[in-house]
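Structure assessment
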Amino acid sequence: MIQAFAFYLFASIVVASAALTIVSRNPVHSVLWLILAFFNAAGLMLLVGAEFIAMLLVIVYVGAVAVLFLFVVMMLDIDFAALRAGFTRYLPFGLLIAAVLLAEMILVIGVWNFADLGPDTRMATIDPEMPNIEAIGRALYDRYLLVFEGAGIVLLVAMVGAIVLTHRERGGVRPQNISKQIKRRPEEATRNTQPEVGEGVEL
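On to a nonpolar patch on the surface. Taken together, the side chains of Leu46, Phe52, Ile53, Met55, Leu56, Ile59, Val60, Tyr61 and Ile133 define a hydrophobic patch exposed on the protein surface, amounting to about 780 Å² of accessible area. Sort the elements by how many residues they give to the nonpolar patch and helix α3 (residues 51-75) lands first, with seven residues. Inspection of the secondary structure puts Val60 in helix α3. Exposure remark for Val60: the relative accessible area of 36% places this residue in the partly exposed category.

The next thing to look at is the nonpolar core. Listed in full, the 11 residues of the largest apolar core are Val31, Ile35, Phe38, Ala41, Ala42, Ala54, Leu57, Val62, Ala66, Leu70 and Val73. Taken together, the elements giving at least two residues each to this core come down to α2 (27-47) and α3. Here this core gets six residues from one element, more than from any other, and that element is α3. Residues contacting Ala41, with those up to four places away along its chain left out, are Val14 and Leu57.

Mapped onto the elements, Glu134 comes out in helix α7 (residues 132-143). Sequence-wise, Glu134 and Phe52 are 82 residues apart; in three dimensions their C-alpha atoms are separated by 9.7 Å.

Turning to the pattern of salt bridges, a few remarks are in order. Inspection of every chain in the model, using the stated rule, returns one salt bridge. Where Arg138 meets Glu134, a salt bridge forms, and the shortest distance between an N and an O atom there is 3.2 Å. Within this pair, Arg138 and its partner Glu134 are both found in helix α7, separated by four residues, close to a single helical turn. Take Arg138: its relative accessible area is 49%, and that puts it in the partly exposed class.

Criteria and thresholds
- Residues numbered from 1 in each chain as written.
- Predicted model: local features only at pLDDT ≥ 70, side-chain atom pairs only at ≥ 80, totals over all residues.
- Heavy atoms only, no water.
- Patch = residues over 30% accessible without salt bridge, like charges linked within 9 Å, V, L, I, M, F, W, Y side chains within 5 Å.
- Areas by Shrake-Rupley, 256 points an atom, 1.4 Å probe, with all protein chains shown as cover.
- Salt bridge = Lys/Arg side-chain N within 4 Å of Asp/Glu carboxyl O.
- Helix = DSSP H or I, 4+ residues; strand = E, 2+ residues; numbered from the N terminus.
- Buried < 20%, exposed > 50% of the residue type's maximum accessible area, 1.4 Å probe, protein only.
- Core = buried A, V, L, I, M, F, W, Y, C linked by side-chain atoms within 4.5 Å.
- Contact = heavy atoms within 4.5 Å.

Here it is as structure tokens:
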């Protein structure tokens, strides 16, 4: 009874905070609602016995990603009014994408129920007495090793693409010549002078 109450409590708060993250007018408030959603999602992970994922949600997503979002939103001078102006223009396309994703989820669940797939086919079964961290390690680096490495390659390509797309060459900047710096001799870098009293050094 207590577990069911905790599940519905965490789940309702996650759904409500996710909705408030989208509809909030203040971007700082949106990030704070997102942090609340992460905390309650960690609570849901604890209920199903996934302690490692719960700690990842708190440490990585709340402690790093959400705080980074918060600092970026507070430090950058972004015209959020101009960003919201195009919300209604892209609303039909967003609803279309949401409908496609919902149809795909319903199709997957329907195929599972229609084919009567057992738990062994749906997911990697583990020993109930095995610790959560060890079970995740065995699933990632044994059964789903190729998928895990493929996801890493996709993320690497996305990171390189983002760097290439955002790289800009500025004019009027003195570039650094590493070869010239390495070949420079000590006598070219320093000069001994003996200026008279009250006189400066000629450059």
